[in-house]
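# Observations on the three-dimensional arrangement
One letter stands for each residue in the lines below.
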Amino acid sequence: MILIIQKEFFQMKSTLSSLNTYLADTLNGFYIIKTYKSFESKNLHFTNMATDYYNRQIKVSKIYALLWPQLDLFQLLSSTLCFATGTWLIQKGMMNTGSLVAFTLLIQGFFHPRRYILESINQVQNGLTSGKRIENIIEEPQNIEKPIIDKKKSTAKKIASK
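### Some details on the overall build of the protein
Looking only at helices and strands, the protein features five helices and zero strands. Taken from the N to the C terminus, the helices and strands of the protein come in the order α-α-α-α-α. Across the 162 residues in the protein, those meeting the buried criterion constitute 20%. For the protein, the proportion of contacts with a sequence separation of at least 24, taken over those separated by at least 6, is 77%. When the accessible surface of the protein is split by element, carbon and sulfur atoms take 63% of a total near 12,800 Å².

Okay, here's the thing in structure tokens:
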């Protein structure tokens, strides 16, 4: 499940990055774009990118919409089992009511950290996605050639000759 969430987050963040880059590049050249009458095509491209980002965000939201009810169902089943078992133990005289209440509160407290973990998965996935994107940039080969320095026109020689 975590791998699915990570994949969807990566695709969503990549789409958002492309959208931001495109928007920044386009806004800087907005006057030129309007001058050369390419505004409609740029607007269509931006709309497509924004729609793609929206769809990916909805996909990630649906994944979280599946996780929350599962946690709630697990908590409900645990509480129900606790009450049923506690009631049976009280009837048999093996447990008192105060112990049942205390144990039920402890069971409910068990789920609070799980909720925090589920909420923090979003932040962790953002960090993993950003790290993966930085790793991709670092691993990309650089095609920088060494500059050719003309030794005859070197600044150092000109200064030394004066």
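### Details of the nonpolar core
With 14 residues, the main nonpolar core has Ile5, Phe9, Val60, Tyr64, Leu67, Leu118 and Ile121 as its most contacted residues. Looking at this core, the elements with two or more residues in it are α1 (2–28), α3 (39–92) and α4 (97–139). A per-element tally of this core places α3 first, with six residues. Discounting residues that sit within four places of it in the chain, Phe9 has contacts with Val60, Tyr64, Asn122, Gln125, Asn126 and Thr129.

### With respect to the packing of aromatic side chains
On inspection of all chains with the given rule, the structure shows two aromatic pairs. When the ring of Phe74 is compared with that of Phe111, the centres are 5.5 Å apart and the planes differ by 75 degrees; the resulting orientation is edge-to-face. In this pair, Phe74 sits in helix α3 while Phe111 sits in helix α4, placing the two residues 37 residues apart along the sequence. Its relative accessible area of 46% is what places Phe74 among the partly exposed residues. Aromatic pair Phe110 and Phe111: ring centres 5.4 Å apart, planes at 80 degrees, arrangement edge-to-face. A connected cluster of aromatic rings, assembled from ring pairs, spans Phe74, Phe110 and Phe111.

### Considerations on the side chain of Ser79
With respect to the helices, strands and loops of the structure, Ser79 is situated in helix α3. For Ser79, a relative accessible area of 11% puts it in the buried group. Once residues lying within four places of it in the same chain are set aside, the contact partners of Ser79 are Ile107 and Gln108.

### Here we look at the confidence of the model for the protein
Taken over all residues, the pLDDT of the protein has a mean of 76, while the share at 70 or more is 76%. Segment residues 156–160: pLDDT under 50, and two contacts once partners within four positions in sequence are set aside and those in other chains are kept.

### A look at the environment of Leu23
Mapped onto the elements, Leu23 comes out in helix α1. Overall, the relative accessible area of 33% leaves Leu23 in the partly exposed class. Note: C-alpha distance between Leu23 and Phe46 (23 residues apart in sequence) is 7.5 Å.

Basis of the calculations
- Residues numbered from 1 in each chain as written.
- Predicted model: local features only at pLDDT ≥ 70, side-chain atom pairs only at ≥ 80, totals over all residues.
- Heavy atoms only, no water.
- Helix = DSSP H or I, 4+ residues; strand = E, 2+ residues; numbered from the N terminus.
- Buried < 20%, exposed > 50% of the residue type's maximum accessible area, 1.4 Å probe, protein only.
- Contact = heavy atoms within 4.5 Å.
- Areas by Shrake-Rupley, 256 points an atom, 1.4 Å probe, with all protein chains shown as cover.
- Core = buried A, V, L, I, M, F, W, Y, C linked by side-chain atoms within 4.5 Å.
- Phe/Tyr/Trp six-rings, centres within 6.5 Å; stacked < 30°, edge-to-face > 60°.
- pLDDT = per-residue confidence, 0-100.

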